[in-house]
Amino acid sequence: MSAPSAPQHPVTVRMFTQRLSATPRGARLARHLAVGQLHAWGIPYGSDVSEAVAVIVAELAANAVTHGRVPGRDFELRLGLVTGSVRVEVTDSRSGSRPPGPRDVRSPLPLAESGRGLVIVDAVADRWEVLDRESPGKTVRAEVDVPGWWSLVRQPGMGRA
């Protein structure tokens, strides 16, 4: 006699991964791909979540291209629709100094020409962190909470991406 099987819940994680050239064009494409993927997952263009993710991807991709670029190596964009939020991860291949983490970010001087990217991420993301990789490089992970996320994972006909 076998035990009754437990009810099967739908998969609540959707993932998207893309490697992009470490160029300004690759950074722009990352933002376009991100909002397109969110739309495919049921988070419409122009919504608060879509706009927040677009800003985060734009800043992290620009940082990967500007500060994390290694000639001949790409950067990677990963998106995940996880329980309650959209997770954004941008990974580059440059080892060495890490960007400051959430508690260490400082606003630049008013006339500074750079240094605002992580300040913007800190303002827009609900959570974020900097992670080391085994191979050279680092990953910056940010999350944006999605109100009503359960309706996104329960949509009929919505396959895993």
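Residues numbered from 1 in each chain as written. Predicted model: local features only at pLDDT ≥ 70, side-chain atom pairs only at ≥ 80, totals over all residues. Heavy atoms only, no water.

Trainee: It is not clear to me how the nonpolar core should be interpreted in this structure. Could you clarify?
Mentor: A general tendency of soluble globular proteins is for nonpolar side chains to be buried together. In terms of nonpolar packing, the biggest core is built from 36 residues, with Val53, Phe75, Leu77, Val86, Val88 and Trp128 touching the most fellow members. Every element with two or more residues in this core is listed here: β1 (14-20), α1 (24-40), α2 (48-66), β2 (75-82), β3 (85-92), α3 (117-124), β4 (127-132) and β5 (138-145). Per-element accounting of this core gives the leading share, nine residues, to α2. In this structure, Val53 is in contact with Ala34, Leu38, Val86, Val88 and Val144, ignoring residues within four places of it in sequence. (Core = buried A, V, L, I, M, F, W, Y, C linked by side-chain atoms within 4.5 Å. Buried < 20%, exposed > 50% of the residue type's maximum accessible area, 1.4 Å probe, protein only. Helix = DSSP H or I, 4+ residues; strand = E, 2+ residues; numbered from the N terminus. Contact = heavy atoms within 4.5 Å.)

Trainee: Help me understand the pattern of salt bridges in this model?
Mentor: Two side chains carrying opposite charge are able to pair once their charged atoms lie near each other. Applying the stated criterion to the full structure yields nine salt bridges. Its salt-bridge partner being Glu143, residue Arg127 comes within 3.0 Å of it at the nearest N-O pair. Taken as a pair, Arg127 in strand β4 and Glu143 in strand β5 lie far apart in primary sequence, 16 residues in all. For Arg127, a relative accessible area of 38% gives the class partly exposed. (Salt bridge = Lys/Arg side-chain N within 4 Å of Asp/Glu carboxyl O.)

Trainee: What is the right way to read the packing of α1 against α2 from this model?
Mentor: Relative placement of two packed helices is described by the angle separating their axes and the distance separating the axes. The geometry of α1 relative to α2 is characterised by a closest axis approach of 9 Å and an angle of 155° between their N-to-C directions. The angle between α1 and α2 places the two elements in the roughly antiparallel class. Both α1 and α2 take part in a crossing whose hand is right-handed. Residues Pro24, Ala27, Ala30, Arg31, Ala34, Val35 and Leu38 of α1 lie in contact with α2, whose contacting residues are Val49, Ser50, Val53, Ala54, Val57, Ala58, Ala61, Ala62 and Val65. (Axes fitted to C-alpha atoms, helices over the stretch in contact; angles between N-to-C directions. Parallel < 35°, antiparallel > 145°, perpendicular 65-115°, else oblique. Left-handed = near helix turned anticlockwise from the far one by under 90°.)

Trainee: How do you make sense of the sheet that holds β3 when you look at a structure like this?
Mentor: In sheet architecture, strand pairing relies on hydrogen bonds along the backbone and comes in two forms, parallel and antiparallel. Strand order in the open sheet formed by five strands is β1-β2-β3-β5-β4, with antiparallel pairing between adjacent strands. Each end of this open sheet is capped by a strand with a single partner; those strands are β1 and β4. Within this sheet the neighbouring strands show an average axis-to-axis angle of 15°, counted without direction. Relative to β2, β1 runs antiparallel, the two sharing seven bridges. Bridged to Phe16 within β2 is Leu79. (Pairing = 2+ DSSP bridges.)

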